[in-house]
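Survey of secondary and tertiary structure
The lines below spell out each chain.
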Amino acid sequence: MDAFTTHTGTAAPLRRSNVDTDQIIPAEYLKRITRTGFEDGLFVAWRTNEPEFVLNQPQYAGASILVAGPDFGTGSSREHAVWALLDGGFRVVISSRFGDIFRNNSTKAGLLTVLLSQEEVELLWKELEADPDLEVTVDLEAGEVRYGARVVGFQVDGYTRWRLLEGLDDVGLTERHLEDVTAFEERRPAWLPRSQPASA
Amino acid sequence: MGQTLAQKVYEQHVVRRTEGEPDLLYIDLHLVHEVTSPQAFDGLRVAGRTVRRPDLTMATEDHNVPTLDILSPIADPVSRAQVDALRRNAAEFGIRLAPMGDRDQGIVHVIGPQLGLTQPGMTIVCGDSHTSTHGAFGALAFGIGTSEVEHVLATQTLPQYPVKQMSVTVDGELPPGVSAKDVILAVIAQIGTGGGQGHVLEYRGSTIEALSMEARMTICNMSIEAGARAGLIAPDQTTFDFLAGRPHAPQGADWDAAVAHWSTLHTDPDAVFDREVHIDAASLSPYVTWGTNPGQGLPIGASVPDPAAIVDEGDRRAAESALAYMGLTAGTPLREIDVDTVFLGSCTNGRIEDLRVAAALLKGRKVDAHTRMLVVPGSVAVKLQAEEEGLDRVFLDAGAEWRGAGCSMCLGMNPDQLKPGERSASTSNRNFQGRQGKGGRTHLVSPAVAAATALTGKLTAPADLETAGV
Ligand code: SF4
């Protein structure tokens with residue numbers, strides 16, 4: 001996973017709530033067995049059918065920060081939604097509420113999700129609509145979103161922040177504690193099920 | 001202070017707890033399917049890792065599988081490559097796989113309970129958001145992403161933080177024709193698609209206690225549609241009776257030890273929930289969705305809502321775009337909406353009880369001439385059971401299609417898809433734009449409403465059939 005410290009770029013205002021992961025990337029794009037190359041499926045229905053869709057507007061085409069309405073990333077657990085956003089050039093998504101699994105997946109793959117109040121999101125939307133070239137900085141170290149003269153703080157739990165700043169992968173971290181896992185396994189009741197066929 | 005059921009199960013699985021770090025949680029069962037696993041197995045290979053507990057891991061083929069001609073190779077080369085990748089990975093890493101054609105094959109959330117692998121008090125994960133289904137047994141079961149799949153394969157654990165607790169209490173007797181599906185659609189309509197976010201839901205109350213395991217699974221299945229990663233129900237005699245004698249259920253002295261443990265799995269009387277929701281079962285009627293998220297549902301007697309009457313700006317915009325996508329006009333009675341396709345199946349309503357309910361309504365009647373009905377059992381075992389009971393004949397005689405097991409039109413990764421503009425009444429769980437096929441329009445319904453709708457070609461409650469003279 002790539003480390004995330006601070007990112008500056010332009011941002012796209014996505015004025016929609018309940019953007020589920022089927023909208024971020026539909027099922028037909030999930031058949032690939034690689035971890036990259038999902039940009040063609042990103043928001044494909046809206047990109048194809050809605051000329052006024054924000055990412056179809058040339059002034060937002062280069063955005064690397066997505067500012068979305070509440071309940072972004074609800075629905076399916078597909079991590080492909082996170083990969084598609086990363087493959088599509090996004091490093092940060094800002095919203096007032098995220099789907100839990102999407103948010104979890106994003107921290108594993110190096111996409112930063114920033115939780116701001118809906119008022120702050122609306123304010124940022126207005127600024128971005130007035131000035132699509134507005135530079136927005138998302139500073140994970142300081143826990144701040146900055147644009148123009150405005151500085152807005154955001155919270156990330158200390159552990160996730162550390163992992164993102166260092167670009168650490170969870171499996172490696174857990175492997176440091178395998179003796180605890182082994183000790184736990186020795187305490188598990190013997191009657192718990194195993195997946196091998198009952199006859200085997 | 002007492003603990004909730006979910007807190008008990010969570011605490012019993014903490015491997016390691018350190019200030020300032022997430023808890024490390026042990027996973028008792030890891031279910032795997034072809035769509036969300038290939039990149040995880042690749043990750044293991046790249047790092048030279050193995051699967052720590054293949055004996056606690058089980059794989060099946062469900063999302064891509066065709067439901068016709070199931071013994072031939074999959075025609076779509078991309079789907080076939082994904083299924084082949086799972087077969088190679090299962091063989092390489094020593095994981096049990098139920099491939100197409102196998103009698104244990106089926107939708108991942110149908111086969112776990114059916115084999116008795118899903119038991120009370122366990123932690124269960126799968127790279128699939130409807131893993132919440134297994135919560136019906138009093139297990140803590142939740143969906144994970146592919147990076148987490150890799151983590152569980154490698155370590156049989158997951159870093160987790162405790163989540164908030166919400167109770168959903170449903171009391172009273174359900175009116176005739178009202179089912180578990182209507183209960184959960186009503187819950188989601190009430191609390192919203194984000195209402196359960198950050199919480200685990202515990203369903204309780206006299207209505208829930210009276211439900212069968214199949215019905216409880218339908219309810220827990222859709223917890224994710226309310227934004228909750230998990231939903232669960234305290235195990236009781238109904239749970240134990242369902243499990244007794246299943247292939248992986250404990251036996252003899254082990255059974256007694258297991259039941260003794262399972263009997264401790266309930267919320268303490270002095271436990272405190274962060275949020276409580278109450279529903280009066282007697283007030284419910286069959287629910288159908290009119291929009292493009294599962295929270296946009298209403299009793300079938302209602303009309304398509306008028307977005308102009310919605311105060312919240314975000315909700316109003318969402319309703320406007322939903323109506324445009326769905327091709328609906330505000331004020332149209334839901335019962336007047338014409339339906340092209342009826343889909344009976346999925347991990348929400350693809351179990352034997354669901355098929356029985358639908359068959360009882362279809363028996364001796366004919367599916368409307370302009371409507372097609374697809375019946376897709378949730379697993380091979382459900383299919384065989386239905387055939388033993390003669391349900392396949394009922395469906396076929398009524399003019400419905402009787403298919404092989406899989407996810408099918410729930411998400412249209414196989415050839416079972418809606419065409420652009422086509423409208424379905426579907427017993428699945430998601431009415432998202434394009435979910436059942438590009439441009440397809442989905443109304444979520446119960447199995448009884450699905451069957452009644454197939455007979456009339458319009459959204460129909462089972463009680464309407466008499467008046468309609470069908
Ligand atoms: S039936 Fe539908 S919701 Fe259930 S696992 Fe399959 S695709 Fe997912």
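Scroll up a little and you will see the structure.
Quick summary incoming for the structure in this document. Counting restarts for each chain: residues are numbered from 1 in the order of the written sequence. To read the labels, note that chains go from A and ligands from 1, taken in the order they are written. Local features in this predicted model are restricted to residues of pLDDT 70 or higher, and side-chain atom pairs are both shown and tallied only at a pLDDT of 80 or more, whereas totals for entire chains, interfaces and linings draw on every residue. Heavy atoms from the whole structure form the basis of all side-chain values; hydrogens and water molecules are not counted.

**Points about the environment of G172 of chain A**
Here a helix means four or more residues in a row that DSSP labels H or I, a strand means two or more in a row labelled E, and each is numbered from the N terminus. Mapped onto the fold, G172 of chain A is located in helix α7 (residues 170-175). Put simply, G172 of chain A and L124 of chain A are 48 residues apart on the chain and 38 Å apart in space, counted from C-alpha to C-alpha.

**Things to note about the interface of chain A and chain B**
Contact criterion: two residues are considered in contact whenever any of their non-hydrogen atoms come within 4.5 Å of each other. Contacts between the two partners involve 55 residues from chain A and, on the opposite side, 77 residues from chain B. Using a 1.4 Å probe, buried area is obtained as the accessible area two parts lose upon being combined, added over both of them. Of all residues in chain A, K31, I33 and W191 of chain A bury the most surface against chain B, accounting for 15% of the area lost on that side. We count a salt bridge whenever a side-chain nitrogen from Lys or Arg sits within 4 Å of a carboxyl oxygen from Asp or Glu. The interface formed by chain A and chain B contains 10 salt bridges. Under the rule applied, a polar contact is a pair of N or O atoms within 3.5 Å (in protein, one hydrogen donor and one hydrogen acceptor; residues adjacent in sequence only if both atoms are side-chain atoms). Counting every contact that joins chain A to chain B gives 37 residue pairs in polar contact (both at pLDDT 80 or more).

**Here we look at the site of the ligand**
All names here are of chain B. Taken together, the neighbourhood of the ligand is formed by H63, I107, H109, D128, H130, S346, C347, C407, C410, L411, N429 and R435. In a pocket analysis with a 2 Å cut-off to the grid points, the ligand is assigned to the largest cavity. Each residue is assigned to one of three groups, with Ala, Val, Leu, Ile, Met, Phe, Trp, Tyr, Cys and Pro labelled nonpolar, Asp, Glu, Lys and Arg labelled charged, and all others, Gly among them, labelled polar. In the shell around the ligand, the residues fall into five nonpolar, five polar and two charged. Any residue with at least one heavy atom within 4 Å of a molecule or strand is counted as near it. Of the two site types, the cavity is a set of points on a 1 Å grid over the protein atoms alone where a 1.4 Å probe fits but cannot get out, and the pocket is an open set with protein on both sides within 12 Å along at least five of seven lines, each lined by residues with an atom within 4 Å of a point. Cavity and pocket membership follows a simple rule, namely that a molecule belongs there if more than half of its atoms are within 2 Å of the grid points.

**Overview of the layout of surface pockets**
The computed volume of the second largest pocket comes to approximately 870 Å³. Forming the boundary of the second largest pocket are 29 residues, of which D100, R103, N104 and D157 of chain A together with Y161 of chain B lie nearest the centre. Elements supplying a minimum of two residues to the lining of the second largest pocket: α4 (100-109), β5 (112-115) and α6 (158-166) of chain A together with β8 (157-160) of chain B. Residue composition of the lining of the second largest pocket, by class: 11 nonpolar, nine polar and nine charged. Grid points are joined across faces, edges and corners, and a volume is the space filled by probe spheres set on the points.

**Quick word on the nonpolar core**
Residues and elements named next belong to chain B. Buried Ala, Val, Leu, Ile, Met, Phe, Trp, Tyr and Cys residues form a nonpolar core when they are joined through side-chain atoms within 4.5 Å. Three exposure classes are used, based on accessible area relative to the maximum for each residue type with a 1.4 Å probe and protein chains only: buried under 20%, partly exposed in between, and exposed over 50%. Judged by nonpolar contacts, the single largest core of 88 residues is most densely connected at F41, Y203 and W262. When residues in this core are grouped by element, the largest group, eight residues, is from helix α6 (residues 180-191). With near-sequence residues (within four places) excluded, F41 lies in contact with V32, V51, L86, N89, F93, I95 and L153.

By themselves, these observations are geometric and do not establish any function.
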